[in-house]
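If you want the building blocks of each chain, they are given just below.
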Amino acid sequence: MDATEKIKFLLDEKGWSAYRLSKECGLSANTILTMLKRNSVPSITTLEAICKAFGITISEFFAEGELIEVSDDTRELLNYWSTLSQRQKENLLNFIKNFDK
């Protein structure tokens, strides 16, 4: 799926119009409509604004399959996770697995 098709899919999924997307992302309605009608590839800056409006990252935008919304708490947890050593990650996973026992 190309970028404009993905944007159309996300619009449909959210039940948004191009006008609503323009208001959510701070771009002009003409910019959004022109991009969608001409199937033109959005710039990175435009795509970042659109992704922010949809509440997704650019990585999630290009990911295949179902999108999963990530809460602020989960995002914070993932940020901490990325700073851990492999041993710390293993220890934390073991702790979590045994947490409900």
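Thresholds applied
- Sequence order sets the numbering: in each chain, residues are counted from 1 along the sequence as written.
- Where local features are concerned, this predicted model is filtered to residues with pLDDT of at least 70; where side-chain atom pairs are given and counted, the filter is 80 or more; whole-chain, interface and lining totals use all residues.
- Just so you know, side-chain values use all the structure's heavy atoms and leave hydrogens and water out.
- In this text, helices come from DSSP runs of H or I with a minimum length of four residues, and strands from runs of E with a minimum of two, each type numbered from the N-terminal end.
- Pairing of N or O atoms within 3.5 Å defines a polar contact, subject to two protein rules: one partner must be a possible hydrogen donor and the other a possible acceptor, and residues neighboring in sequence count only if both atoms are side-chain atoms.
- Burial classes follow relative accessibility: with a 1.4 Å probe on protein chains only, a residue under 20% of its type's maximum area counts as buried, one over 50% as exposed, and anything between as partly exposed.
- As used here, the arc belongs to the directions running from the helix axis to the C-beta atoms.
- The criterion used for residue contact is that any of the two residues' heavy atoms lie within 4.5 Å.
- Surface patches are drawn from residues lacking salt bridges whose relative accessible area is over 30%; two like charges belong together within 9 Å, two nonpolar side chains (Val, Leu, Ile, Met, Phe, Trp, Tyr) within 5 Å.
- Method for areas: the Shrake-Rupley scheme with a 1.4 Å probe, in which residue coverage is limited to the protein chains shown.
- Salt bridge, as used here: a side-chain nitrogen of Lys or Arg that lies within 4 Å of a carboxyl oxygen of Asp or Glu.

(A) Up close: the environment of Asp 2. By secondary structure assignment, the location of Asp 2 is in the segment before helix 1 (3-14). Remark: the alpha-carbon pair of Asp 2 and Asn 39, spanning 37 residues in sequence, is separated by 8.8 Å. Engagement of the side chain of Asp 2 in a polar contact is seen with the side chain of Thr 4, the distance being 3.2 Å. At 2.7 Å, the side chain of Asp 2 and the backbone nitrogen of Glu 5 are in polar contact.

(B) View of helix 2 (residues 18-25). Buried within helix 2 we find Ala 18, Leu 21, Ser 22 and Cys 25. The buried residues of helix 2 occupy one face: seen down the axis, they fall within an arc of 100°. Every exposed residue of helix 2 that faces more than 90 degrees away from the buried side is listed here: Tyr 19 and Lys 23. Structurally, helix 2 contributes buried residues whose contacts are with helix 1, helix 3 (29-38) and helix 4 (44-54).

(C) View of a nonpolar patch on the surface. Residues Phe 95, Ile 96 and Phe 99 make up a contiguous nonpolar surface patch of roughly 360 Å² in combined accessible area. Structurally, Phe 99 can be placed in helix 7 (residues 86-99).

(D) Region of interest: the pattern of salt bridges. By the definition in use, this model includes two salt bridges. Residue Glu 5 pairs with Lys 8 through a salt bridge whose shortest N-O separation is 3.5 Å. Of this pair, Glu 5 and Lys 8 both sit in helix 1, separated by three residues, roughly a single helical turn. For Glu 5, a relative accessible area of 35% translates into the label partly exposed. Taking relative accessible area as the criterion, Lys 8 reaches 31% and is therefore assigned partly exposed. In this structure, Arg 20 engages Glu 24 in a salt bridge whose closest nitrogen and oxygen atoms are separated by 2.9 Å. Taken together, the residues span about one helical turn, with Arg 20 and Glu 24 both in helix 2 at a distance of four residues. Overall, the relative accessible area of 39% leaves Glu 24 in the partly exposed class.

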